[in-house]
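An overview of the molecular structure
Each chain, written out:
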There are 2 protein chains.
Amino acid sequence: MTETDDAARHAAKMARIKAARDRMMEGKTDRKGLVIVHDGKGKGKSSSGFGMILRCIAHGMPCAVVQFIKGAWDTGERRILTEHFGDLCQFHAMGEGFTWETQDRARDIAMAEAGWEKARELIRDPEIRMVLLDEINIALRYDYLDVDEVVRFLLEEKPEMTHVVLTGRNAKPELIELADLVTEMTMVKHPFRDGIKAQKGVEF
Amino acid sequence: MTETDDAARHAAKMARIKAARDRMMEGKTDRKGLVIVHDGKGKGKSSSGFGMILRCIAHGMPCAVVQFIKGAWDTGERRILTEHFGDLCQFHAMGEGFTWETQDRARDIAMAEAGWEKARELIRDPEIRMVLLDEINIALRYDYLDVDEVVRFLLEEKPEMTHVVLTGRNAKPELIELADLVTEMTMVKHPFRDGIKAQKGVEF
């Protein structure tokens, strides 16, 4: 396979996703469930996802969070969401830390697959109005999950009015093509270069 | 005054802010209160600010929100934060909608000044660990508030361990220069172009 073949195949794939997306948009009313992607190296991808979950809770909309990567250490939001809003917001921490911490690819893949299974169950439930798939882009980037399956599922099985938010840097192009709303968080300035550590309330 | 004078004055001003910032950083330990700016045309500036407030609450850190612009209509987060976490998080909605809604510049300025007065009081209180100044960049952009005064206050009067988060597009360069952590939210794709309206849980 040449590079040209590769590029042509990629372009054809993107065109298929765009066509499927356009069909889905045809005759849409002015409201629909959105596929939302938070990409980029800057901060705010996860925290704005959690901010949107807080908004849903404020509106009394049932919602859910699946954490794909940070499950083992990012417990603050989980505790507060389950303690105060467990009736409206389900929380599933399926990750066990970043792969360079666990150093066990087979286990990472098994965890990611379990997270995706849970995500499909939550998204299929039409009562749930927003599902946040936190850091799923990391699992997709390392091919712990198959992006084609994720795209297919969102196109074919997501209920019309359900919002799905996917966060994490290096979002796959297939996902960008499918999404309705994509924001890239760009790092302009970062305090780590001044020797400041990650801090409570800011990074975790 | 020529354009060259203007540019030179601007450069000198930025250099002064940078020097003051560098002095502040000298001999810093590995933790400090950060000045954080969320800029850009993309989504997530306010919602990630609220996500960080949620994190502070999760850690039991007292915090506060001052809304400069959206006070009149963005009530969901306010209600839920005050109802559930009023003991940890103060909420002050000082804005009365965007200026193109109120069309009363004198009133906008008075509201912005009242918001800034409240913000100074909250930031000065060393018990409060994070203050979110939501959409203050809009008030600064329209010169409802004086950016030099805001920069001076943050440099000279902010307690060392207090985080201050300033959101809104078109952040002033003086503020970017001062800040420790700047993220630009860039719009890659937006559903409004497909005729989709602002929706609950996503935009408000």
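Going by the structure above, here's the rest.
Reference entry: report on the structure contained in this document. Sequence order as written defines the numbering, with residues in each chain counted from 1. Written order decides the labels, with chains lettered from A and ligands numbered from 1. Whole-chain, interface and lining totals are the exception, using all residues; otherwise, since this is a predicted model, local features are given only for residues with pLDDT of at least 70 and side-chain atom pairs are given and counted only at 80 or more. Hydrogens and waters are ignored; side-chain quantities use all the structure's heavy atoms.

One frequent convention defines the size of an interface as the accessible area lost when the parts assemble. Across the contact, 63 residues belong to chain A and 64 residues belong to chain B. For salt bridges, the criterion is a side-chain nitrogen of Lys or Arg within 4 Å of an Asp or Glu carboxyl oxygen. Where chain A meets chain B, there are two salt bridges. We define a polar contact as two N or O atoms separated by no more than 3.5 Å, with the added condition that, inside protein, one atom must be a possible hydrogen donor and the other a possible acceptor, whereas residues neighbouring each other in sequence contribute only through side-chain atom pairs. Where chain A packs against chain B, one counts ten residue pairs in polar contact (both at pLDDT 80 or more). Residue assignment for the side of chain A that touches chain B shows that the elements contributing at least two residues are helix H1 (3-25), helix H2 (45-58), helix H3 (76-85), helix H8 (173-178) and strand S6 (181-189) of chain A. Strands are runs of DSSP state E lasting at least 2 residues, helices are runs of H or I lasting at least 4, and numbering of each runs from the N terminus. With eleven residues, the top contributor of residues to the side of chain A that touches chain B is H2(A). Whether two residues are in contact is decided by their heavy atoms: any pair within 4.5 Å suffices.

In this structure the tally under the stated criterion is 22 salt bridges over all chains. Between A:Asp143 and A:Lys172 there is a salt bridge, and its shortest N-O distance comes to 3.2 Å. Here A:Asp143 is found in the loop between helix H6 (136-141) and helix H7 (147-156), whereas its partner A:Lys172 is found in the loop between strand S5 (163-167) and H8, with 29 residues between them in sequence. In this structure, the salt-bridge partner of B:Lys32 is B:Asp180, at a minimum N-O distance of 2.8 Å. In this pair, B:Lys32 is assigned in the loop between helix H1 (3-25) and strand S1 (35-39) and B:Asp180 in the loop between helix H8 (173-178) and strand S6 (181-189), connecting sequence segments 148 residues apart. B:Asp180 carries the same exposure label as B:Lys32, and that label is buried. Remark: exposure states derive from per-residue accessible area (1.4 Å probe, protein chains only) relative to the maximum for the residue type, with buried under 20%, exposed over 50%, and partly exposed in between.

A few words now on the relation of the copies chain A and chain B. Least-squares fitting of chain A to chain B yields an RMSD of 0.0 Å, with the superposition described by an axial translation of 0.0 Å and a rotation of 180°. Both chain copies can therefore be described as sitting about a two-fold axis. Across chain A, the rotation axis passes nearest the C-alpha of A:Ser48, at a separation of 1.8 Å. Interface residue correspondence from chain A to chain B reaches 100%, placing this contact among same-surface, isologous pairings. Least-squares superposition of the copies uses the C-alpha atoms of those residues scoring a pLDDT of at least 70 in each of them.

The subject of this paragraph is the sheet that holds strand S3 (residues 89-93) of chain B. Paired through their backbone hydrogen bonds, the strands of a sheet run either parallel or antiparallel. Spatially, the twelve strands line up as an open sheet ordered S3(A)-S2(A)-S4(A)-S5(A)-S1(A)-S6(A)-S6(B)-S1(B)-S5(B)-S4(B)-S2(B)-S3(B), and their pairing is mixed. The open sheet is flanked by strand S3 (89-93) of chain A together with S3 of chain B, the only strands paired with a single partner. Pairs of neighbouring strands in the sheet enclose a mean axial angle of 15°, with direction left out of account. Note that strand S2 (residues 63-67) of chain A and strand S4 (residues 130-134) of chain A share five bridges and pair parallel. Bridged to A:Val66 within S4(A) is A:Leu133. Pairing between strands is defined by DSSP: at least two bridges between the two strands are required. Interaxial angle, 0 to 180 degrees, is taken between N-to-C directions of lines fitted to C-alpha atoms, where a helix line uses only the stretch in contact.

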